[in-house]
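# A closer look at the structure
Here are the chains, one letter per residue:
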Amino acid sequence: MIETETILLGPEETSVTPWEDKSGQVLDKRIEFDTGPAPKQVAFRPGHDELWVTLLAGRGFEVYDPASGRQIAAVDLPKAGSVEVIFNRTGTRAYISQMETASVYEIDADTKDVLRQISTGGVWTKVMVLSPDEQTLWASNWVSNDVSEIDLATGEVRRKLSTVRTPRGLFVTPDGAKLYVAGFASGELQVFDLATGEGTVLHRTGGAMRHLVGSPDGSVVYASEMALDTIAVIDTDADQVTNLAVVDRLPNTIDVSPDGRLLFASNRGRNNPETYYRPGPEWGTVVVVDTATGAYLDAIVGGNQTTGLD
């Protein structure tokens, strides 16, 4: 809504124009609070009022009350910080990846204690995904160009799936039959038949595919194309890829609303011309698009290099 008001500023009357959000928009900023260094990912713990934050440049991870920003816990991990965090469905277990040691830490989500450190056998471990029965964990290894398949009962690596270069985002279908992998180096989307371990490249943009998330029923998978500022869609029945939407500069993490109607994308904004891990020349955004049409519905300004999203 746009209104023109007359406001008395000193001895003269001046006309000013305040801007407000249009009615029916989706996003509204509620709170902002400080964390440890280089927060990388954020995730709500299922069934609990907790927001878990991984610290890429810190010594572990932190937990906050999302309503107030009050810190609930700060947990150190051995040797380095953390990259990604995921939970089981009930929120009793968390799994946190650490690049430098190629490890996944299993955490008791109630006590915040580390239960075990699982070696992936890869190099530079990043994204993880749980099987539908939560007995298997897959972890992508950025430098060794593979995905580790880990038996959670034993903590052992069953096999490593050789992937396209710099695998990052992962998605497993609800029936546990297929695993999708996002390749960052050349913008590839790859699918694995988990029964045979055979992988097939479905799509290549020459850009940088980063993150994957599925619709609530698993019928489609969305992919953020960081180099091209787009969101792609994979039909998991036909394994066909189409473009859904153009978003803002350098899209990172994406997620879908529980009803499947809205897709959210965090966008870094332009990188620092000297090095991407220093503050850039503009702030990033969080954008929301319509999953049916790709229409750009709303956005809010995030911080510098907006990345994590849940």
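This write-up is about the structure you can find in this document.

Cut-off values and rules
Residues numbered from 1 in each chain as written. Predicted model: local features only at pLDDT ≥ 70, side-chain atom pairs only at ≥ 80, totals over all residues. Heavy atoms only, no water. Core = buried A, V, L, I, M, F, W, Y, C linked by side-chain atoms within 4.5 Å. Buried < 20%, exposed > 50% of the residue type's maximum accessible area, 1.4 Å probe, protein only. Helix = DSSP H or I, 4+ residues; strand = E, 2+ residues; numbered from the N terminus. 1 Å grid on protein atoms, 1.4 Å probe; cavity = no way out; pocket = protein on both sides within 12 Å on 5 of 7 lines; lining within 4 Å. Points joined across faces, edges and corners; volume = space filled by probe spheres on them. Nonpolar A, V, L, I, M, F, W, Y, C, P; charged D, E, K, R; others polar. Pairing = 2+ DSSP bridges. Axes fitted to C-alpha atoms, helices over the stretch in contact; angles between N-to-C directions.

The biggest cluster of nonpolar side chains holds 14 residues, and the ones touching the most others in it are Trp52, Phe61, Val85, Phe87, Ala94, Ile96 and Ile107. Among the secondary structure elements, those contributing two or more residues to this core are β5 (60-64), β6 (71-76), β7 (85-87), β8 (93-98) and β9 (103-108). Of all hydrophobic cores here, the second largest spans 13 residues; its members include Val213, Ile231, Ile254 and Val256.

For the rest of this paragraph, the subject is the layout of surface pockets. Computed from the structure, the largest pocket encloses a volume of approximately 2,000 Å³. Considering the residues around the largest pocket, the lining is formed by 50 residues, among which Val42, Thr306, Thr307, Gly308 and Leu309 are closest to the centre. Listing elements by their share of the lining of the largest pocket, those giving two or more residues are β3 (39-44), β4 (51-55), β24 (262-267) and β26 (296-301). Residue composition of the lining of the largest pocket, grouped by class: 27 nonpolar, 12 polar and 11 charged. Of the volumes computed, that of the second largest pocket is approximately 1,400 Å³. Put simply, the parts of the chain that give the lining of the second largest pocket at least two residues each are β3, β7, β11 (125-130), β15 (167-172), β19 (209-214) and β23 (251-256).

Before going further, it helps to examine the pairing of β26. As defined by bridge partners, strand β25 (residues 285-290) adjoins β26 across 5 bridges and the pair is classed as antiparallel. If you follow Val289 over to β26, its bridge partner there is Tyr296. Between the end of β25 and the start of β26, which pair antiparallel, lie 5 residues, with Gly294 showing a positive phi angle near 80°.

Strand pairing in a sheet is mediated by backbone hydrogen bonds. Such pairs are either parallel or antiparallel. Taken together, the 4 strands give an open sheet; going across it, the order is β3-β4-β5-β6, and neighbouring strands pair in antiparallel fashion. Single-partner strands in this sheet number two, and they are β3 and β6. With direction set aside, neighbouring strand axes in the sheet form an average angle of 20°. Summarising the sheet, β3 and β4 pair through 4 bridges and their orientation is antiparallel. The residue of β4 that forms the bridge with Phe44 is Leu51.

By themselves, these figures tell us nothing about what the structure is for.
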